[in-house]
Protein chains: 2
Amino acid sequence: MTSPDTSFRLRYGSELPFDPPSVWSEVIARQLDHRSVRSYRPDPVSDEALTALVAAAQSAPTSGNLQLWSVVAVREDDRRTRLATLAGDQDFIRQAPLFLIWLADLARARQVTTELGAATAEGADFVEAAVLAFVDVALAAQNASLAAESLGLGTVFVGAIRNRPLDVAAELGLPPHVFPVFGLTVGHPDRIAETAVKPRLPQQAVLHHERYELGPQAAQVEAYEATLNDFYSRAGLRAGWIDRVATRFGSITGLNGREHLRQALNTQGFPLR
Amino acid sequence: MTSPDTSFRLRYGSELPFDPPSVWSEVIARQLDHRSVRSYRPDPVSDEALTALVAAAQSAPTSGNLQLWSVVAVREDDRRTRLATLAGDQDFIRQAPLFLIWLADLARARQVTTELGAATAEGADFVEAAVLAFVDVALAAQNASLAAESLGLGTVFVGAIRNRPLDVAAELGLPPHVFPVFGLTVGHPDRIAETAVKPRLPQQAVLHHERYELGPQAAQVEAYEATLNDFYSRAGLRAGWIDRVATRFGSITGLNGREHLRQALNTQGFPLR
């Protein structure tokens, strides 16, 4: 188990802005050791591992026990290749033996509501229902991802399935009221291409006490920019955090087609009232 | 560490529809043992524990390393009491020594984009930006919740802060482009009021292979209804899963004010283009 001191130094960069906590657990050590894995050996992920991952996902909290999500496990080469193309043409998706597509699922709840209970499922038309489903599926998927890491597997979330979500929906046969939120590749990491723990913003930038403060964050961002530049330059990469954020939000181009997400949600049966 | 067999039986009810997996870890055992805790001893949550929880949260994946979330730690009695009233008037929020309010935070990224980078942050006006932030904050909060459980603390997510989100925003001094998504109470569980692991839908209802199937889920829901009725009746409660789902989505009344969520998001600087 990694020591708190080492884990914190890796997670927050070279400077440690506070004493490491005296409280610690194997779970927390595993969480802090998270890194994205985009390079996999060809070995398959076993059915037993998939069962454990989904059980972990289902054990996550779900608002009102509504369980507004589903997941499609994609293993077939052809389908994974097509999905990789749809999701930003990314090779690591083709390489990973298992691609989990996590779905916001209001179809099951609508069916239960209208066929077995009330006359309509009007409540499911609102933004609130989409928020319930998107939060539910994220809580579940994070449990699955951490569970995978605890078994020695590597994962990475793939938001790029939202570049062309209706094509993904067609590929997976999704009915109305089911929407692909993100993918998660799972596989045995290729240790030769192992990635490092990426430093995050100083904890003071995201943790507020009693009331939120935006002003002091500029200094934290400046410190983080230096930390991350150092991290990237050791990996032979250019561009710090500020450039990356500005590229994503500075223009519609940075959204890679996801500027049409509202329309796609509407088409797929999420009117977002 | 709980055995796979016991964990699976508790999580999926009395009938075990598949063999327990041969793969297992302390992380997965902890995940399957999750239960909502709504009864707390008065002992405070230490600063060290809070630091560890937030480090765990920050270690969760975040799309493009954008880190589009923040969290406000509320410990003051008066503020917690006011928030409890806003969030469905729930006593356990007053009782918990720590109430974490998890925020979708586009303000920091907008500031970075406009003041330090590009001329505008137009990309942050889209539904996609809200999805990025809502997913980011959920991944982070699930890590924090599991980390808390690994330290012997209890938690429960509180979606009811979305009943009156603008009042919550005012209470926490949230600027535009920051939105309260859910709360999380944290405290030392009152073991006398310990709750049981709640059974979830059969795994076959949520896990699909290659393509999604809605049809077969009706039978799974029926089996689950029986499992959950059994679970609730042992706790002296009535109403199964179908009734609960139908109550939530069968009419606008079931949304408890959250039918105004889109308007509240717009007001708080999430135009959802």
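Calculation rules
Residues numbered from 1 in each chain as written. Chains lettered and ligands numbered in written order. Predicted model: local features only at pLDDT ≥ 70, side-chain atom pairs only at ≥ 80, totals over all residues. Heavy atoms only, no water. Pairing = 2+ DSSP bridges. Helix = DSSP H or I, 4+ residues; strand = E, 2+ residues; numbered from the N terminus. Axes fitted to C-alpha atoms, helices over the stretch in contact; angles between N-to-C directions. Contact = heavy atoms within 4.5 Å. Phe/Tyr/Trp six-rings, centres within 6.5 Å; stacked < 30°, edge-to-face > 60°. Buried < 20%, exposed > 50% of the residue type's maximum accessible area, 1.4 Å probe, protein only. Lys NZ or Arg CZ within 6 Å of the ring centre and 35° of its normal. Least-squares fit on C-alpha atoms with pLDDT ≥ 70 in both. Polar contact = N/O pair within 3.5 Å; in protein donor to acceptor, adjacent residues only side chain to side chain.

**Student:** Would you explain the sheet that holds strand β4 (residues 178–187) of chain A in this entry?
**Tutor:** Paired through their backbone hydrogen bonds, the strands of a sheet run either parallel or antiparallel. Across the sheet, five strands lie side by side as β3(A)-β4(A)-β2(A)-β1(A)-β5(B); this open sheet has mixed pairing. In this open sheet, the two edge strands, each paired with only one partner strand, are β3 (154–158) of chain A together with β5 (207–209) of chain B. When the angles between neighbouring strand axes are averaged without regard to direction, this sheet yields 25°. Contacts between helix α3 (residues 47–59) of chain A and the sheet are confined to β1 (69–74), β2 (98–105) and β4 of chain A together with β5 of chain B, with β1(A) contributing the most and set at about 165° to the helix.

**Student:** Which parts of the structure should I look at to understand the packing of aromatic side chains?
**Tutor:** Think of a pair of aromatic rings as described by two things: how far the centres are apart, and how the planes are tilted against each other in angle. Applying the stated criterion to the full structure yields 14 aromatic pairs over all chains. Pairing B:F8 with B:Y12 gives two aromatic rings, centres 5.9 Å apart and planes at 35°, and the pair type is tilted. Of this pair, B:F8 and B:Y12 both sit in helix α1 (residues 4–12), four residues apart, which is roughly one turn of the helix. Like B:F8, the residue B:Y12 is buried in the burial classification. Between B:F179 and B:F270 the ring centres are 6.0 Å apart and the planes differ by 75°, which places this aromatic pair in the edge-to-face class. One end of the pair, B:F179, is in strand β4 (residues 178–187); the other, B:F270, is in the segment after α12 (261–267), with 91 residues separating them in the sequence. Sitting above the plane of the A:F92 ring, A:R38 keeps its charged end 5.7 Å from the centroid. One Lys or Arg, A:R244, reaches over the ring of A:Y232 and ends 4.1 Å from the middle of that ring.

**Student:** Would you explain the relation of the copies chain A and chain B in this entry?
**Tutor:** One copy of the chain maps onto the second through a rotation around an axis plus a translation along that axis. Between the two copies, chain A and chain B, the superposition gives an RMSD of 0.0 Å; the rotation angle is 180° and the shift along the axis is 0.0 Å. One copy is carried onto the other by what is essentially a two-fold rotation axis.

**Student:** Please explain the side chain of B:S70 as it appears in this structure.
**Tutor:** By the secondary structure assignment, B:S70 is in strand β1 (residues 69–74). The exposure class assigned to B:S70 is buried, which follows from its relative accessible area of 0%. For B:S70, the side chain forms a polar contact with the side chain of B:R108, separated by 3.2 Å. In contact with B:S70, not counting residues within four places along its chain, are A:A205, A:V206, A:H208, A:Y212, B:I101, B:W102, B:L103, B:D105, B:R108 and B:V137.

By themselves these figures say nothing about function.
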